[in-house]
Amino acid sequence: MRWMIIRIAVLVLAMGLLLPTATWVGAAPVEINIWSAFPELHDQVQWIAAKYMEKNPNIKIKATLFPQRALEEKVAVALPAGQAADLIELDKMALYPYYAAGHLQPLPKNVVDWVKKNFPDYSVASVTSDKGEIFTFPWLNSLKAMFYNKDHFKEAGLTKTPETIDEMMEMAKKLTKRDEKGNLTRAGFDLRLSGGGFGTSQKYWTQVMIPYGAKVLEKVGAKWRAGYDNEVGRKALQYYIDSVHKYKVDSLDFKSDAEAFGLGITSMFQREAWVVGYMAKNAPKINYGVFLMPKGPGGWGTVGNTMGLSVAKASKYKKEAFDFAMFMMNDEMSRATFGDSGWQPFRKGVDYSQLYKTRPQLKTFIEAAQTKGHTVYDYENITPIFEIHSRMADRLMAAFKRADLLDNPTGIAKVIKETAEETNRILEDHGLLAK
Amino acid sequence: MDGVAAQRNWGATGAGTRLTQSQIGFLWSIVMPVIALFIIIRVIPILVVLLMSSTNFNMNRPLVRLLPYQNFFRLFGDPNFVTAFVNSTEFVLVAVPLEILLGLAFAIYLNRRIRFESLYETLYFLPYIVPMVPSAIIWKWIYAPGTYGLANYLLDQMGFPRVGWMSTPQISLLAVIGIHVWKQLGFFVIVFLVGLKNIPTSVREAAVVDGATPWQVTRQVDLPLLKPVILFGVVMATIWAWSAFTEVYIMSQGTDISTGAEIQVMVTRIYAEGFLYFNMGYASAISFVLFIVSLLFVALQFRLLRAEQV
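Here the structure is a predicted model, which means the values were calculated and not measured. (Residues numbered from 1 in each chain as written. Chains lettered and ligands numbered in written order. Predicted model: local features only at pLDDT ≥ 70, side-chain atom pairs only at ≥ 80, totals over all residues.)

S.K.: Got a minute to help me understand the environment of Asp190(A) in this structure?
M.R.: Residue and element names in this part refer to chain A. Relative to the helices and strands, Asp-190 resides in the loop between β7 (184-186) and α9 (198-212). With 27 C-beta atoms counted inside 10 Å, the residue Asp-190 sits in the buried group. Asp-190 has contacts with Asp-250, Ser-256, Asp-257, Ala-260, Thr-266, Met-268 and Phe-269, leaving out every residue within four places of it along the chain. (Helix = DSSP H or I, 4+ residues; strand = E, 2+ residues; numbered from the N terminus. Buried ≥ 20, exposed ≤ 12 C-beta atoms within 10 Å, placed from the backbone. Contact = placed C-beta atoms within 7 Å.)

In structure tokens:
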């Protein structure tokens, strides 16, 4: 009897100890953290998270916004230490090195199947590593197209949009305006001459390298080398120098980018679909349209770099993180993301017809990827890709300012040669240079 | 032992001025934590940086090779480093004299019991307490291109030609140095003003009685007595000028006014190599060069100004 009492007491004590733990485990909500870099996307993620939490009350989604550079720095420190968020939103070229170093979780089989079924092949290819693993969701497409001010075109007697880069330069000359002192009051063509590091080389790549057929990197076997120290590479730089110093359709001393377009002081400029949202909010009276990047003698296409969404390998809730990521990219959320933030989802088969009624400009971005002969390029999956483009941008920005490069083929050749040597040096440092 | 000596040898019970073992032990126990902290916070990181600067360590590359001197040799052929070094030197050579001379001039002026002295002190000090990020963003607007920036708008209104504040390489760095001086000036005004107020008035009065003019009083009484404070100011201004970062970083971000590589200084170069490209070995080599150069500058200043003091 005594032993029986002792046994019951021990059992009750054990149950008592286990019960609160079990209750705590059962009730503890799973918290998924997601880090974002763009305010409009952060708002969108919060909205999507609220919808997801309604359906999954046991899961809490916490979204945190950082300025882009701050996010890159935070990820650089926290991800290798296993202290990063469960989900990280960054350009896939910034994410790839972390995958290569083993800090990102490749997509599991069921998620891979879902991605292959719902995303265009080229987007899947751009996030697939040499090992055949998909290292990030190809969430959004930063596809570039040309915005133009319809009223400026009408005023200049232009009845169509340019189809070639030469035609674009001729139109830009007609669209450019100056005051009595010769100061630019309207840029015919905003070339993105400065700012934002690799963003400048990205716009340059889209604007002139693709049309002339120059490549930032060319693959030789399994390795790489600079693909622009050649005639077409020099022509590409010549185009920019002529635009600024000969035809003066743009100036370093003039406001630029989306803000200038919204102010009605730029007639044409190259950007992504988010500008449609920006214009609706900040410049609703500007009458504008969008056209595909013009062709050149060497090719036709654009850059559509991938905004990835990755799950950290150290995440405690990988399954839930993948599930939330897939929810973010379902049909309804893709439509909402495109319509509200202007960021273009990579998803295929989503019906945007209702959206086109209020934002017709968005149609060009979706069609761009499906237009025959129009190629969409993305960054190569190699570790130093960000460094290669950023250092190239530094040298290009310095060159754009040099009036002495006008009608100076030797000077242009020197700039291109030195820039390409630097690209090759970086590749060599990483053991990636093709001999 | 006389009474004064006994007082100096507080608690000493042994013969003469010698401390006992327990007293030495007690002193070590007080000093050691501070020395240990100094070694951990200052000495070890410097040694780690020196060690890393002799490798090709990149956070994205698993293999680390020893490069005993190659990173330092590479610096001299790297146009980005050369630009950054020249820009940082220009930063120091322009910003430090401006901060010290203007700081002294304003402090001497404010020391003459002018009306609204406290108001002026507050106004001078205000930029110093405003964080650099919002300050630099305001300056970004001031230097914006065309007539969208305040500076060019005012020039335009006065009939002067516009200036490419951030697009003309020769002007851009000076424009950024202007922000740095504007930000730090208040600190030096206040420090020098406190120094001037601590000079006994009797010394000045004696000089006036001897027939000294206000300029002679400033030159031959105030400035010599203010020398230790000026030395402190020069050293601080030099260290801050070598380590300028935020104003340069903010002014090279965005699409309107940045000039990218042309305004880069040593610290922005370290940031780019280390935290954008993850070349920690190379970034460490730049850090070490910055450490040595700023150390030499400060040592030289101590030597020159202290020598004159003696």
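S.K.: Whenever I open this one, the pairing of strand β5 (residues 145-149) of chain A confuses me. Can you help?
M.R.: Moving residue by residue along a regular strand, the side chains alternate between the two faces of the sheet. Residues and elements named next belong to chain A. Within β5, 5 of the 5 residues are buried, which leaves the element mostly enclosed by the surrounding structure. Bridge count between β5 and strand β10 (residues 268-271): 4 bridges; the pairing is antiparallel. From the neighbouring strand, Phe-147 faces β10, where its bridge partner is Phe-269. When β5 meets strand β11 (residues 288-291), the two strands line up antiparallel, connected through 4 bridges. Residue pairing across strands places Met-146 opposite Phe-291, the latter belonging to β11. (Pairing = 2+ DSSP bridges.)

S.K.: What is the right way to look at the confidence of the model for chain A in this model?
M.R.: Taken as a whole, chain A shows an average pLDDT of 91; of its residues, 93% reach a score of 70 or greater. Counting interchain partners and residues more than four positions distant, the pLDDT-below-50 stretch residues 19-26 of chain A has 0 contacts. (pLDDT = per-residue confidence, 0-100.)

S.K.: In this structure, what is going on with the interface of chain B and chain A? I would like to understand it.
M.R.: Often, the extent of an interface is quoted as the loss of accessible area upon association of its parts. Each partner contributes to the interface: chain B provides 22 residues, whereas chain A provides 23 residues. Class assignment of the residues belonging to the side of chain B that touches chain A gives a composition of 9 nonpolar, 9 polar and 4 charged. (Nonpolar A, V, L, I, M, F, W, Y, C, P; charged D, E, K, R; others polar.)

S.K.: Would you mind going over the domain arrangement of chain B with me for this structure?
M.R.: Residues and elements named next belong to chain B. Domain boundaries in chain B define domain 1 (3-52) and domain 2 (71-309). Taking only C-alpha atoms into account, the centre of domain 1 sits 37 Å from that of domain 2. Every contact between the two is made by 4 residues of domain 1 and, on the other side, 6 residues of domain 2. Taken together, the residues that form the side of domain 1 that touches domain 2 break down as 4 nonpolar, no polar and no charged. (Domains from an automatic or database assignment.)

S.K.: Looking at this structure, how should I read the nonpolar core?
M.R.: Nonpolar side chains in soluble globular proteins tend to be buried together. Formed by 183 residues in total, the largest nonpolar core has its most connected members in Leu87(A), Phe147(A), Met209(A), Ala325(A), Ala95(B), Phe192(B) and Met266(B). Looking at which element gives the most residues to this core, the answer is helix α8 (residues 169-197) of chain B, with 13 residues. Beyond its immediate sequence surroundings of up to four residues, Leu87(A) is in contact with Ile32(A), Ile34(A), Leu309(A), Val311(A), Ala321(A) and Ala325(A). (Core = buried A, V, L, I, M, F, W, Y, C linked by C-beta atoms within 7 Å.)

S.K.: What's the story with the pairing of strand β2 (residues 59-65) of chain A in this structure? I'm lost.
M.R.: As paired elements, strand β1 (residues 30-36) of chain A and β2(A) share 7 bridges and run parallel to each other. Note that in β2(A) the partner of Ile32(A) across the bridge is Ile61(A).

S.K.: I keep staring at helix α12 (residues 274-282) of chain A and nothing clicks. Help me out?
M.R.: Note on helix geometry: an α-helix contains 3.6 residues per turn, so any two residues three or four positions apart are oriented the same way. All names here are of chain A. When α12 is considered as a whole, its buried residues turn out to be Val-275, Val-276 and Met-279. Across the axial projection of α12, the buried residues extend over an arc of 105°, all falling on one side. As for α12, its buried residues are in contact with β5, α11 (257-262), β10, β11 and α16 (362-368). (Arc of directions from axis to C-beta.)

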